[in-house]
Amino acid sequence: MLRQEIYVLQKMEGEQQNQQLVETANTVEVPADTLEPLTVDEVIEKHIGSFGWSQFLHVFLVSLAWIFDSQSTLVTIFSDAEPSSWKSSTVNGGNQDNIASVCGLKPGSWEWVGGHKSSTIAEWNLVCERKFVAAIPASLFFLGSLLGSAVFGRLADTRLGRKKTVMVSCVLTSTTFFFTSLAPNIWIYSLLRCANGFARSGIGIACLVLSTEVVGRKWRGQVGQYGFFLFTVGFISLPLIAYPTRNNWRTLHRILAIFPMFYSLFLLPFVSESPRWLIVRGKSKESIAVLKRFAKLNGKELPTNLTLADVTSNREAETYGNLWTTKWAAKRLITVMIAGFGIGFVYYGVQLNVENLNFSIYFTVAVNAIMEIPAVLIGTILLSFTSRRILFSISAFLAGVSCFLCIIFTKGSRGPKAMTSKEPRGSWPQLSIEALGFMAASTAYDILYIYCVELFPTNVRNFAMSFMRQALMLGASVSPLLVALGRLSPSLSFIIFGALSIFSGLVSFWLPETKDAPLFETLKQQGEEEKRRHLPTDDSALELGNVTKITSPSM
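Just so we're clear, the structure is a prediction, and the values are computed from it rather than from any experiment.

Procedures and definitions
- Residues numbered from 1 in each chain as written.
- Predicted model: local features only at pLDDT ≥ 70, side-chain atom pairs only at ≥ 80, totals over all residues.
- Heavy atoms only, no water.
- Helix = DSSP H or I, 4+ residues; strand = E, 2+ residues; numbered from the N terminus.
- Buried < 20%, exposed > 50% of the residue type's maximum accessible area, 1.4 Å probe, protein only.
- Contact = heavy atoms within 4.5 Å.
- Core = buried A, V, L, I, M, F, W, Y, C linked by side-chain atoms within 4.5 Å.
- Phe/Tyr/Trp six-rings, centres within 6.5 Å; stacked < 30°, edge-to-face > 60°.
- Axes fitted to C-alpha atoms, helices over the stretch in contact; angles between N-to-C directions.
- Parallel < 35°, antiparallel > 145°, perpendicular 65-115°, else oblique.
- Left-handed = near helix turned anticlockwise from the far one by under 90°.
- Arc of directions from axis to C-beta.
- pLDDT = per-residue confidence, 0-100.
- Patch = residues over 30% accessible without salt bridge, like charges linked within 9 Å, V, L, I, M, F, W, Y side chains within 5 Å.
- Areas by Shrake-Rupley, 256 points an atom, 1.4 Å probe, with all protein chains shown as cover.
- Salt bridge = Lys/Arg side-chain N within 4 Å of Asp/Glu carboxyl O.
- Polar contact = N/O pair within 3.5 Å; in protein donor to acceptor, adjacent residues only side chain to side chain.

1. A word on the overall build of the chain
Right, so step 1: What the chain contains, in helices and strands, is 21 helices and two strands.
Right, so step 2: Counting the 555 residues in the chain, one finds 56% classified as buried.
Right, so step 3: Counted over contacts in the chain with a minimum sequence separation of 6, partners at least 24 positions apart contribute 83%.

2. With respect to the nonpolar core
Right, so step 1: Counting 96 residues, the largest nonpolar core has Leu323, Tyr449 and Met465 as its most contacted members.
Right, so step 2: Considering every element that reaches this core, the biggest residue donor is helix H18 (residues 428–455), with 16 residues.
Right, so step 3: Ignoring anything within four residues of it in the chain, the contact list for Tyr449 reads Trp66, Gly204, Leu208, Phe228, Met465, Met468, Arg469 and Leu472.

3. Examining the packing of aromatic side chains
Right, so step 1: Throughout the structure, instances matching the rule amount to 30 aromatic pairs.
Right, so step 2: A centroid spacing of 5.6 Å and a plane angle of 50° characterise the contact between Phe152 and Phe198, whose relative ring orientation is tilted. Taken as a pair, Phe152 in helix H7 (residues 136–157) and Phe198 in helix H9 (residues 186–212) lie far apart in primary sequence, 46 residues in all.
Right, so step 3: The class for Phe152 is buried, based on a relative accessible area of 2%.
Right, so step 4: Cluster of aromatic residues (ring-pair linked, three or more members): Trp66, Phe141, Phe142, Phe228, Phe231, Phe235, Tyr347, Tyr348, Phe438, Tyr445 and Tyr449.

4. Things to note about the packing of helix H16 (residues 361–383) against H18
Right, so step 1: At a minimum axis distance of 8 Å, the contact between H16 and H18 shows a crossing angle of 45°. Relative to H18, the element H16 is oriented oblique. Regarding H16 and H18, the two cross each other, and that crossing is right-handed. For the pair formed by H16 and H18, the contact residues are Phe363, Thr364, Val367, Asn368, Met371, Glu372, Pro374, Ala375, Val376, Ile378 and Leu383 on the first element and Trp428, Leu431, Ala435, Leu436, Phe438, Met439, Ser442, Thr443, Asp446, Ile447 and Ile450 on the second.

5. Looking at helix H2 (residues 40–48)
Right, so step 1: What H2 keeps buried is the set Val40, Asp41, Val43, Ile44 and Ile48. The buried residues of H2 occupy an angular sector of 170° when projected down its axis, which confines them to one face.
Right, so step 2: Residues of H2 that are buried make contact with helix H3 (53–63), helix H12 (275–280) and helix H13 (284–297).

6. Quick notes on the confidence of the model for the chain
Right, so step 1: Here the chain averages 80 in pLDDT, while 78% of its residues score no lower than 70.
Right, so step 2: For the stretch residues 313–318, pLDDT sits under 50, and the model shows nine contacts to residues farther than four places along the chain or on other chains.
Right, so step 3: Under a pLDDT of 50 for its full length, residues 535–555 has, in the predicted model, 29 contacts with residues more than four places off or in other chains.

7. A word on a nonpolar patch on the surface
Right, so step 1: Where nonpolar side chains cluster on the molecular surface, the patch consists of Ile390, Ile394, Leu398, Leu506, Phe509 and Trp510 and spans about 640 Å² of accessible area.
Right, so step 2: Broken down by element, the residue count for the nonpolar patch peaks at three residues, all from helix H17 (residues 388–406).
Right, so step 3: Mapped onto the secondary structure, Ile394 falls in helix H17.

8. Let's talk about the environment of Glu286
Right, so step 1: Its place among the elements puts Glu286 in helix H13.
Right, so step 2: Between the C-alpha atom of Glu286 and that of Glu273, which follows or precedes it by 13 residues, the distance is 9.1 Å.

9. Description of the side chain of Ser442
Right, so step 1: The topology assignment puts Ser442 in helix H18.
Right, so step 2: Those residues in contact with Ser442 that lie beyond four places of it in its chain are Tyr347, Glu372 and Ala375.

10. Here we look at the pattern of salt bridges
A side chain with one charge can pair with a side chain of the opposite charge if their charged atoms come near.
Right, so step 1: The full count for this structure, using the stated rule, is eleven salt bridges.
Right, so step 2: A salt bridge links Glu213 to Arg461, with the shortest nitrogen-to-oxygen separation between them at 2.6 Å. Of the two residues, Glu213 sits in the loop between H9 and helix H10 (220–242) while Arg461 sits in helix H19 (residues 458–486), which places them 248 residues apart along the sequence. Both residues of the pair, Glu213 and Arg461, belong to the buried class.
Right, so step 3: Residue Glu521 pairs with Arg276 through a salt bridge whose shortest N-O separation is 3.1 Å. Of this pair, Glu521 sits in the loop between helix H20 (490–507) and helix H21 (523–533) while Arg276 sits in helix H12, and the two are 245 residues apart along the sequence. In terms of burial, Glu521 and Arg276 fall into one category: buried.
Right, so step 4: A network of salt bridges, in which partner residues are shared, links Asp157, Arg162, Glu213 and Arg461.

11. Considering the environment of Val127
Right, so step 1: Mapped onto the fold, Val127 is located in the loop between helix H6 (120–124) and H7.
Right, so step 2: Along the backbone, Val127 and Cys103 are 24 residues apart, and their C-alpha atoms lie at a distance of 7.7 Å.

12. As for unusual backbone geometry
Right, so step 1: The backbone of Asn125 sits at a positive phi, close to 55°, despite the residue not being glycine.
Right, so step 2: Within the secondary structure, Asn125 is located in the loop between H6 and H7.

13. Side note on the side chain of Thr458
Right, so step 1: Relative to the helices and strands, Thr458 is located in helix H19.
Right, so step 2: Accessibility expressed as a relative area gives 1% for Thr458, which makes it buried.
Right, so step 3: Polar side-chain contacts of Thr458 include one of 2.8 Å to the side chain of Glu521.
Right, so step 4: Among all residues touching Thr458, those that are not within four sequence positions of it are Asp157, Arg162, Glu213, Arg276, Trp277, Val280, Phe520 and Glu521.

See the structure below:
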């Protein structure tokens, strides 16, 4: 009997202890090792906020570098421009009204009105039989950009990271700008322009990725457009800087060398490295520290027991070779590059072609630059609710149609005297249509960057971006030759511009949609997730932003 009473008492005590444990579990903080690891996407969406004050400041500081990218790319519109007029002191007492070209005059019997230092064409006499030599610096600049995209794209994904890549690129851009101003001849100048193209290529690649990797998925499109808006600011700044230095192209380059160096020394240090890149490189503590800073500036706080999902297990094995050996990634990248070649050709070609219009070069550049503003605004608004694929293709189609319409208002071939002829070379309707076409090309160009960021995972994102940018630069490197041809046959140049633009729009239909899709960290993760979300037999319906329910076939 006594033994039975003791047993009952022990049982009651055990039940009370179990009840206390249950109550304690409901009130005490869960240990760190029991918290499920989160991805960077989940931390941003749940604990930091998709787009708060910290992300705005980060994106703004990063996007400022786009100004120097724009200035490097488009400075040749002024430094390599053909002067608008010339004068002779040996013909008819200095009156050359009845002379259409300087090509038939003896060397030394005439001079450019703005002076021989107003541009490289004036200083090194790149006219008449040497007119195609004038296209070499611009072509080599884009070829340098092509090579730089490959190098900086890999460095940004591996050793340097996004932030250091931007810094190195800006410092080299400043240095090459300055040395270009010292070029003694057209050949050294061309090589230095190639070096400048190589240097600036890291800016566009790393800045866009560094901006988009810290915001929520619904803000990626808009954030990418902010960078392009700063690119437009750099575009608009060029006429303002070039006009006071119009009599000396070397001074223009020296002034432009100041800005990227100042940015690297005094503004870039306040920018944080991408937490996505840090976690992919196995630097979990550093990634959490960056995320904590973003949360603090947003007035929030991360959980003390936060851990990030490990995505580094196959990091060393899954490298850039896998980008080409993984079927879906290789097909996607090739498609992006084909579309990029056409858009790069049209986007840069139309800008460089402004000198073939019968207007002040400062005015036409300003018009094109201003047209980039509505392009950015339209892209920002439409990207919030429109699919990337449709928006890109429509923009490319509109740019192509505008180029074809320009043919109606273009005069025919003007023969070998076109380089220095005083015959009018354009009209207001043509300028208006070309400006609208450039706005559409600019929209397509901007969207392609955003699209490419979302199509590939973190561990190869910059590398994929570099290949896309190489395709853009390859198209851009050919465009100066077409611009030179346009001085002889404007209609032919517009036909080629239009055809390539429409072709790029058609190619984009082979790409999947990415609106509101998550950003994956590795190729393996993205491949498995896409297989899980979509029917493997329906490749044409691969929509990353929409989850497809897979049901078993009825028996």
